[in-house]
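Read off the chains here:
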Amino acid sequence: MDSRSIADMPNPKSRQAPEKFKGHYTLVREFLQEYEFLCDRNNVTEDKDRVETIKRYCSKKVREVLEGMQNYNTPNWKGFKKEMLRYYNDDRNEIKFTE
């Protein structure tokens, strides 16, 4: 049995941590994927822990936005991810330009 826990999440300044998320739409999906990988690897499975701990890896401005999200205040990880992707315009990554 793996004994990793939330205490084993990397320090935000370490090489094992994801790059600090500053709110750019081109990076939000990749950031969330890296963060989920870290949570899974460290057995951080509770919604409350996931939505609270993500702030460690975000800029102050992003942290303020996250704290105001509905799924942050009533912890729901799946809803929080969707809310974060929507807020940071991840759908702009899907736009294809044609001539």
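Keep in mind the model is a prediction, meaning the values are calculated, not measured.

Peer 1: Tell me about unusual backbone geometry, and name the residues and values.
Peer 2: Even without being a glycine, asparagine 43 presents a positive backbone phi close to 60°. Residue placement: asparagine 43 occurs in the loop between helix H1 (28-41) and helix H2 (47-53). With phi around 55°, asparagine 89 is a residue other than glycine that occupies positive phi space. Residue position: asparagine 89 is located in the segment after helix H5 (77-87).

Peer 1: Can you lay out the side chain of glutamate 36 for me, pointing to particular residues and giving the numbers?
Peer 2: Tracing the backbone through its elements, the reader meets glutamate 36 in helix H1. Classification of glutamate 36 by relative accessible area gives buried; the value is 18%. Those residues in contact with glutamate 36 that lie beyond four places of it in its chain are Arg50, Trp77 and Lys81.

Peer 1: Could you give an account of the packing of aromatic side chains, naming the residues involved and the relevant values?
Peer 2: With the rule as written, the count across this model stands at eight aromatic pairs. Between tyrosine 35 and tyrosine 57, the aromatic rings sit 6.0 Å apart at their centres with planes inclined by 55°, giving tilted as the arrangement. Linking tyrosine 35 in helix H1 with tyrosine 57 in the loop between H2 and helix H3 (60-67), this pair joins segments that are 22 residues apart in sequence. Tyrosine 57 shares its class with tyrosine 35; the two are buried. Between the aromatic rings of tyrosine 87 and tyrosine 88, the centroid separation amounts to 4.8 Å while the plane-to-plane angle is 75°, which identifies the pairing as edge-to-face. Ring-pair connections join several aromatic residues into one group, and the members of that group are Phe21, Phe31, Tyr35, Tyr57, Tyr72, Trp77, Phe80, Tyr87 and Tyr88.

Peer 1: Give me the lowdown on the pattern of salt bridges, citing residues and values where you can.
Peer 2: For the coordinates displayed, the defined rule picks out six salt bridges. A salt bridge links glutamate 36 to arginine 50; the nearest nitrogen and oxygen atoms lie 3.9 Å apart. Highlighted residues: glutamate 36 in helix H1 and arginine 50 in helix H2, separated in sequence by 14 residues. By relative accessible area, arginine 50 is classed as buried at 7%. With its nearest N and O atoms 3.1 Å apart, the salt bridge here joins glutamate 36 to lysine 81.

Peer 1: Got a sec to walk through the nonpolar core? Specific residues and values, please.
Peer 2: Core analysis: the largest hydrophobic core is formed by 23 residues, its most contacted members being Phe21, Phe31, Leu32, Ile54, Leu66, Phe80 and Met84. Among the elements of the structure, H1, H3 and H5 are those that each provide at least two residues to this core. Among the elements that line this core, the one with the most residues is H1, at six residues. Look past the residues within four positions of methionine 84 in its chain and what remains in contact with it is Phe21, Val28, Phe31, Leu32, Ile54, Leu66 and Met69.

Peer 1: How would you explain H5 if you had to name every residue and give the values?
Peer 2: Because the α-helix completes a turn every 3.6 residues, residues three or four places apart line up on one side. Turning to H5, its buried residues number three or more, namely Trp77, Gly79, Phe80, Glu83, Met84 and Leu85. Backbone geometry just after H5 places asparagine 89 at a positive phi near 55°.

Cut-offs applied
- Residues numbered from 1 in each chain as written.
- Predicted model: local features only at pLDDT ≥ 70, side-chain atom pairs only at ≥ 80, totals over all residues.
- Heavy atoms only, no water.
- Helix = DSSP H or I, 4+ residues; strand = E, 2+ residues; numbered from the N terminus.
- Buried < 20%, exposed > 50% of the residue type's maximum accessible area, 1.4 Å probe, protein only.
- Contact = heavy atoms within 4.5 Å.
- Phe/Tyr/Trp six-rings, centres within 6.5 Å; stacked < 30°, edge-to-face > 60°.
- Salt bridge = Lys/Arg side-chain N within 4 Å of Asp/Glu carboxyl O.
- Core = buried A, V, L, I, M, F, W, Y, C linked by side-chain atoms within 4.5 Å.

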